[in-house]
Amino acid sequence: MGDWSGYLTLILQGAWVTIKLTLMGSALALVVAFVAGLGRISRLAALRWLSTAYIEFFRGTSIFVQLFWIYFVLPMTGLWAPTPMQAGVLALGLNVGAYGAEVVRGAILAVPRDQYEACIAVNLTRFQRMRHVILPQALPLMLPTFGNNAIELLKATSVVSLISLADMTFQAQVVRSQTGSTLLPFVTILVLYFAMSSVLSLAIRSYERRVTRGLDGVR
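Residues numbered from 1 in each chain as written. Predicted model: local features only at pLDDT ≥ 70, side-chain atom pairs only at ≥ 80, totals over all residues. Heavy atoms only, no water.

Brief notes about the environment of M76
Moving on, step 1. As for its placement among the helices and strands, M76 is situated in the loop between α3 (63–73) and α4 (84–110).
Moving on, step 2. For M76, a relative accessible area of 69% puts it in the exposed group.
Moving on, step 3. Sequence spacing of M76 and T145 is 69 residues, and the spatial spacing of their C-alpha atoms is 36 Å. (Helix = DSSP H or I, 4+ residues; strand = E, 2+ residues; numbered from the N terminus. Buried < 20%, exposed > 50% of the residue type's maximum accessible area, 1.4 Å probe, protein only.)

Encoded structure:
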């Protein structure tokens, strides 16, 4: 029993790595999603093209390949040699951010046209109408999908075990190799993944209720 408590501690240490990857990866994905999503509807053709190229590339290639390129190939260029944690956050953030960008674009385009016309009528600049009128209405439309994306990112963190970053999946494999037991370590991380995704889901739903309070009679 003492041995198993030590193995559980090992898995919990991996859980902390998974949490950090999820939080930092989600933060990066959120920033990237807004930058690329707004770029897709920009008046500048070059910005639209760059945003589209980024989105299509990261949605059309495997996150396994993206992670390996960032961690193993990028250092060969001499530009930057990321740590395993940095490589994991970058791969997860860029991959999920590409999906989030389409969510941002779709939500903004879903705002009724008369809202844009009203902004022009009161002489708001493009920045002012986006910040004060369009985004506040588009945000509630984005949140449910953003929540799903965050959960998908959490589940995708297991790919970092391939570059020997000691997340939950990596530690479960260590425990399996040391004990010969597959059931206990993988049931443990199954429960932990489910608990983490439940917390994420509840947090997003709570924020969604706050954002939509007062809209369309919701209180």
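Things to note about the packing of α4 against helix α6 (residues 126–156)
Moving on, step 1. Two elements in contact, α4 and α6, have axes separated by 8 Å at closest approach and are oriented at 145 degrees. Considering only the axes of α4 and α6, their crossing is right-handed. Residues L92, V96, Y99, G100, V103, V104, A107, I108 and A110 of α4 form the contact with α6, whose participating residues are M130, I134, L135, A138, L141, M142, T145, F146, N149, L153 and A156.
Moving on, step 2. Considered class by class, the residues forming the contact of α4 with α6 number 17 nonpolar, three polar and no charged. (Axes fitted to C-alpha atoms, helices over the stretch in contact; angles between N-to-C directions. Left-handed = near helix turned anticlockwise from the far one by under 90°. Contact = heavy atoms within 4.5 Å. Nonpolar A, V, L, I, M, F, W, Y, C, P; charged D, E, K, R; others polar.)

Here's the deal with the UniProt feature "transmembrane region" (unreviewed entry) in the protein chain
Moving on, step 1. Mapped onto this structure's residue numbering, the UniProt feature "transmembrane region" (unreviewed entry) falls at residues 15–36, 57–74 and 183–204.
Moving on, step 2. The span residues 15–36 is 100% helix and 0% strand, and its two end C-alpha atoms sit 31 Å from each other.
Moving on, step 3. With 83% helix and 0% strand, the stretch residues 57–74 has end C-alpha atoms that lie 17 Å from each other. (UniProt positions renumbered as here; feature names shortened; annotations may be inferred.)

Examining a nonpolar patch on the surface
Moving on, step 1. On the surface, F64, V65, F68, W69, F72 and L162 cluster together into a nonpolar patch covering about 600 Å² of accessible area.
Moving on, step 2. Topologically, F72 is positioned in helix α3. (Patch = residues over 30% accessible without salt bridge, like charges linked within 9 Å, V, L, I, M, F, W, Y side chains within 5 Å. Areas by Shrake-Rupley, 256 points an atom, 1.4 Å probe, with all protein chains shown as cover. Salt bridge = Lys/Arg side-chain N within 4 Å of Asp/Glu carboxyl O.)

A short note on α4
Moving on, step 1. For α4, spanning 27 residues, the distance from its first C-alpha to its last is 39 Å, which sits close to the expected 39 Å at 1.5 Å a residue.
Moving on, step 2. Of all bends in α4, the biggest is about 30 degrees, found at A98.
Moving on, step 3. In terms of residue burial, α4 counts as a mostly covered element, since 19 of its 27 residues are buried. (Expected span 1.5 Å × (residues − 1). Bend = angle between axes of the 7 residues up to and from the residue.)

What about the nonpolar core?
Moving on, step 1. With 17 residues, the main nonpolar core has L21, L67, M85 and L165 as its most contacted residues.
Moving on, step 2. Of all the secondary-structure elements, those providing two or more residues to this core are α1 (2–40), α3 and α4.
Moving on, step 3. With six residues, the single largest contributor to this core is α4.
Moving on, step 4. Excluding its chain neighbours within four sequence positions, the residues that come into contact with L21 are S26, M85, G88, V89, L92, L153, T157, V160 and L165.
Moving on, step 5. The next biggest cluster of nonpolar side chains, apart from the first, holds 14 residues, and it includes A33, V103, I108 and A138. (Core = buried A, V, L, I, M, F, W, Y, C linked by side-chain atoms within 4.5 Å.)

Regarding a positive patch on the surface
Moving on, step 1. On the surface, a cluster of positive charge is made up of R205, R209, R210 and R213.
Moving on, step 2. Taking relative accessible area as the criterion, R205 reaches 48% and is therefore assigned partly exposed. (Lys, Arg positive; Asp, Glu negative; His and termini not counted. Charge placed at Lys NZ, Arg CZ, Asp CG, Glu CD.)

Observations concerning the packing of aromatic side chains
Moving on, step 1. Taken as a whole, this structure holds five aromatic pairs when the rule is applied.
Moving on, step 2. With centroids separated by 5.1 Å and ring planes inclined at 50 degrees, the aromatic side chains of Y54 and F58 adopt a geometry described as tilted. Of this pair, Y54 and F58 both sit in helix α2 (residues 45–60), four residues apart, which is roughly one turn of the helix.
Moving on, step 3. What makes Y54 buried here is its relative accessible area of 16%.
Moving on, step 4. These aromatic residues form a ring-pair network of at least three members: Y54, F57 and F58. (Phe/Tyr/Trp six-rings, centres within 6.5 Å; stacked < 30°, edge-to-face > 60°.)

Structural notes on the pattern of salt bridges
Moving on, step 1. By the definition in use, this model includes four salt bridges.
Moving on, step 2. The residue E102 makes a salt bridge to R40 at a minimum N-O spacing of 3.2 Å. Taken together, the residues E102 in helix α4 and R40 in helix α1 connect sequence positions 62 residues apart.
Moving on, step 3. A single network of salt bridges, built from pairs that share partners, joins R40, E102 and R105.

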